[in-house]
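Here is what each chain is made of, one letter per residue.
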Amino acid sequence: MTYQEVLANARECLNPNCKACPVCNGKACGNRVPGPGAKGIGDTAIRNFEKWQQVRVNMDTICPNGTPDTSVELFGRKFRYPFFAGPVGAVTLHYSDKYDDTAYNRILVKACAENGIAAFTGDGTNPQVMQAACQAIGAADGLGIPTVKPWDPATIQEKMALCKNAGCFAMAMDIDAAGLPFLKNLNPPAGSKTVEELSEIVKMAGIPFIIKGVMTARGALKASQAGASAIVVSNHGGRVLDQCPATAEVLEDIVAALRGTGVKVLVDGGIRSGVDVFKALALGADGVLICRPFVPAVYGGAEEGVRLFIEKIGAELSDTMAMCDAKDLASITRDMVFVK
């Protein structure tokens, strides 16, 4: 099977909301929710993609020949590549009923672990979603990052207990999920958290904790103050607030704000190729999350589809590094990209 065949297979079983486009740029799905689209007029998802395309790479092949080292270490674990599968939830609602969240996470976690990266898993109102995700992570020797929604304290504690039992090497919370409709008006209340509340959650985790959904230097400093080991620069793919800047536009300011704190910076939003991964690293990110493109990979090819997508992105990253005189990730520097 080829990656193009994976996409063709996905188009046969995905609902009309997702077109399994050759490049997931947010244009075909627009503001279509349910579906992979964005909130409001849908411009944030499109902007995420387009701003990465405006960053260009500076080719330099007057250098030693060789195969670049694309490996990265995160929280004591070594990975083949510096990109990870992002959390995707409610796949039956948004994509099609071929898979539910349980089956999707089971396939994704296993395939990512077997191919040298890790998957962030989603969460939902159905407790079985987190239970099944944690089971999959446990079966993969803890190589997965369960992502807990910003529920009420008792629910968070209950879900974190499942995460710990799975032996995961890190946990995450997509704090920007506070803007999702199903979290609003819950009783007990769920949603945004103060620095003090996040600090208690970080302590409760007891392992490296990642706060996903940071879009400002001020927010990054709050996450650091709360004790986060890492953040994800993310606007939730434009699904929670319209008219946001793209992640590529705010990344450098956030990296600068966290310099010297020891907090790792990951980024997502419109990253669709190994070249884009390279750009993000050159702008200061320690790693990258890729979310939506893993959906057609799973729907169109299950474990093999995920493997093919990982190999595609990895090969593009390695080729870009070789063509820009970067022998390893530490060699990727700001002057290797051109920003208008």
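Summarised in this report is the structure supplied together with it. For every chain, the first residue of the written sequence is number 1, and numbering continues from 1 onward in sequence order. Restriction of local features to residues with pLDDT of at least 70 applies here, the model being predicted, together with a cutoff of 80 or more for giving and counting side-chain atom pairs; totals for whole chains, interfaces and linings are based on all residues. As a rule here, side-chain values come from all non-hydrogen atoms in the structure, and water together with hydrogens is ignored.

1. A few points about the overall build of the protein chain
Here comes step 1: When its secondary structure is counted, the protein chain shows 11 helices and 12 strands.
Here comes step 2: Here the radius of gyration uses the C-alpha set of atoms, whereas the globule reference equals 2.2 Å times the residue count to the power 0.38. At 19 Å, the protein chain has a C-alpha radius of gyration in line with the 20 Å of a compact globule built from 340 residues.
Here comes step 3: Seen through its principal axes, the protein chain has C-alpha atoms that stretch 60 × 50 × 40 Å.
Here comes step 4: Exposure categories follow from relative accessible area, calculated using a 1.4 Å probe and restricted to protein chains: below 20% of the type maximum is buried, above 50% is exposed, and the middle band is partly exposed. In the protein chain, buried positions account for 56% of the 340 residues.
Here comes step 5: Contacts are assigned to residue pairs with any non-hydrogen atoms lying within 4.5 Å of each other. In the protein chain, once contacts between residues fewer than 6 apart in sequence are set aside, the share between residues at least 24 apart is 71%.
Here comes step 6: What sets the accessible areas is the Shrake-Rupley method with a 1.4 Å probe; for residues, cover comes only from the shown protein chains. For the protein chain, the accessible area works out to roughly 14000 Å², and carbon and sulfur atoms hold 51% of it.
Here comes step 7: Asp and Glu count as negative and Lys and Arg as positive, but His and the ends of the chain are not part of the count. The atom standing in for a charge is NZ when the residue is Lys, CZ when it is Arg, CG when it is Asp and CD when it is Glu. Across the protein chain, 34 positive and 35 negative side-chain charges occur, with their mean positions spaced 3 Å apart. Helix numbers and strand numbers start at the N terminus; a helix is a DSSP run of H or I with at least 4 residues, a strand a run of E with at least 2.

2. What about the environment of Gly 238?
Here comes step 1: Looking at the secondary structure, you find Gly 238 in the loop between strand E9 (230-233) and helix H9 (247-258).
Here comes step 2: Sequence separation between Gly 238 and Gly 269 is 31 residues, and the spatial gap between their C-alpha atoms is 8.4 Å.
Here comes step 3: Among all residues touching Gly 238, those that are not within four sequence positions of it are Ala 38, Lys 39, Thr 44 and Ala 45.

3. Section: the nonpolar core
Here comes step 1: What makes a nonpolar core is a set of buried Ala, Val, Leu, Ile, Met, Phe, Trp, Tyr and Cys residues whose side-chain atoms join them at distances within 4.5 Å. Ranked by size, the top nonpolar core spans 114 residues in total, and within it Ile 231 and Phe 294 carry the most contacts.
Here comes step 2: The element contributing the most residues to this core is helix H11 (residues 294-323), with 13 residues.
Here comes step 3: Excluding its chain neighbours within four sequence positions, the residues that come into contact with Phe 294 are Phe 84, Ala 85, Tyr 104, Leu 108, Cys 112, Ile 117, Val 306, Phe 309 and Ile 310.

4. Remarks on the environment of Gly 42
Here comes step 1: When you line up the elements, Gly 42 lands in the loop between helix H1 (3-13) and helix H2 (43-53).
Here comes step 2: On the accessibility criterion, Gly 42 (0% relative accessible area) is buried.
Here comes step 3: In sequence terms Gly 42 and Leu 241 are 199 residues apart; their C-alpha atoms lie 9.5 Å from each other.
Here comes step 4: For Gly 42, the residues in contact, after removing those within four places along its chain, are Gly 30, Asn 31 and Asp 242.

5. Section: the packing of aromatic side chains
Here comes step 1: Each Phe, Tyr or Trp ring, with Trp reduced to its six-membered ring, pairs with another whose centre is within 6.5 Å; inter-plane angles below 30 degrees give stacked pairs, above 60 give edge-to-face pairs, and intermediate values give tilted ones. By the definition in use, this model includes eight aromatic pairs.
Here comes step 2: On the basis of an interplanar angle of 45 degrees and a centroid distance of 5.6 Å, the ring pair of Phe 79 and Phe 169 is categorised as tilted. Of the two residues, Phe 79 is situated in strand E3 (residues 77-79) and Phe 169 in the loop between helix H6 (153-166) and strand E7 (171-174); the sequence distance between them amounts to 90 residues.
Here comes step 3: On the accessibility criterion, Phe 79 (3% relative accessible area) is buried.
Here comes step 4: When its relative accessible area of 8% is taken as the criterion, Phe 169 is described as buried.
Here comes step 5: Site record: aromatic cluster; members linked through ring pairs are Phe 79, Phe 84, Phe 120 and Phe 169.

6. Regarding the packing of helix H8 (residues 217-225) against H9
Here comes step 1: Packing of H8 against H9 brings their axes to within 8 Å, and their N-to-C directions diverge by 40 degrees. Two packed elements cross with a definite hand, and for H8 against H9 that hand is right-handed. Facing H8, whose interface residues are Ala 217, Ala 220, Leu 221 and Ser 224, H9 presents Asp 253, Ile 254, Ala 257 and Leu 258.
Here comes step 2: Looking at side-chain class alone, the contact of H8 with H9 contains six nonpolar, one polar and one charged residues. The axes are straight lines fitted to the C-alpha atoms, using for helices just the contacting stretch, and the angles between their N-to-C directions are given from 0 to 180°. By convention, the crossing between two helices is left-handed when the near helix turns anticlockwise from the far helix through less than a right angle, and right-handed when the turn is clockwise. As a working rule, the residues Ala, Val, Leu, Ile, Met, Phe, Trp, Tyr, Cys and Pro are called nonpolar, Asp, Glu, Lys and Arg charged, and the rest polar, with Gly in that last group.

7. With respect to unusual backbone geometry
Here comes step 1: Look at the link from Val 33 to Pro 34: it is a cis peptide, with omega at 5 degrees.
Here comes step 2: Here the amide bond leading from Asn 187 into Pro 188 is cis, since omega sits at 5 degrees, within 30 degrees of zero.
Here comes step 3: Relative to the helices and strands, Pro 188 is located in the loop between E7 and helix H7 (195-205).
Here comes step 4: One non-glycine residue, His 236, lies in the positive phi region at around 60 degrees.
Here comes step 5: Tracing the sequence through the fold places His 236 in the loop between E9 and H9.
Here comes step 6: Residues other than glycine seldom take positive phi values, yet Gln 243 does so here, at roughly 65 degrees.
Here comes step 7: Summarising the element assignment, Gln 243 is placed in the loop between E9 and H9.
Here comes step 8: When its relative accessible area of 53% is taken as the criterion, Gln 243 is described as exposed.

8. Remarks on the pairing of strand E11 (residues 287-290)
For a regular strand, side-chain orientation follows a simple rule: the groups alternate between the two sheet faces.
Here comes step 1: Both faces of E11 are covered, namely the face carrying Gly 287 and Leu 289 and the face carrying Val 288 and Ile 290.
Here comes step 2: Judged from the three bridges that link them, strand E4 (residues 83-85) and E11 form a sheet pairing that is parallel. Each bridged residue has a counterpart across the sheet, and for Ala 85 the counterpart in E11 is Ile 290.
Here comes step 3: Handedness of the crossover joining strand E10 (residues 264-267) and E11 through helix H10 (residues 274-282): right-handed. Whether two strands pair depends on DSSP finding at least two bridges between them. The handedness rule is simple: strands pointing away from the viewer, and a clockwise path from the first strand over the helix to the second, make the crossover right-handed.

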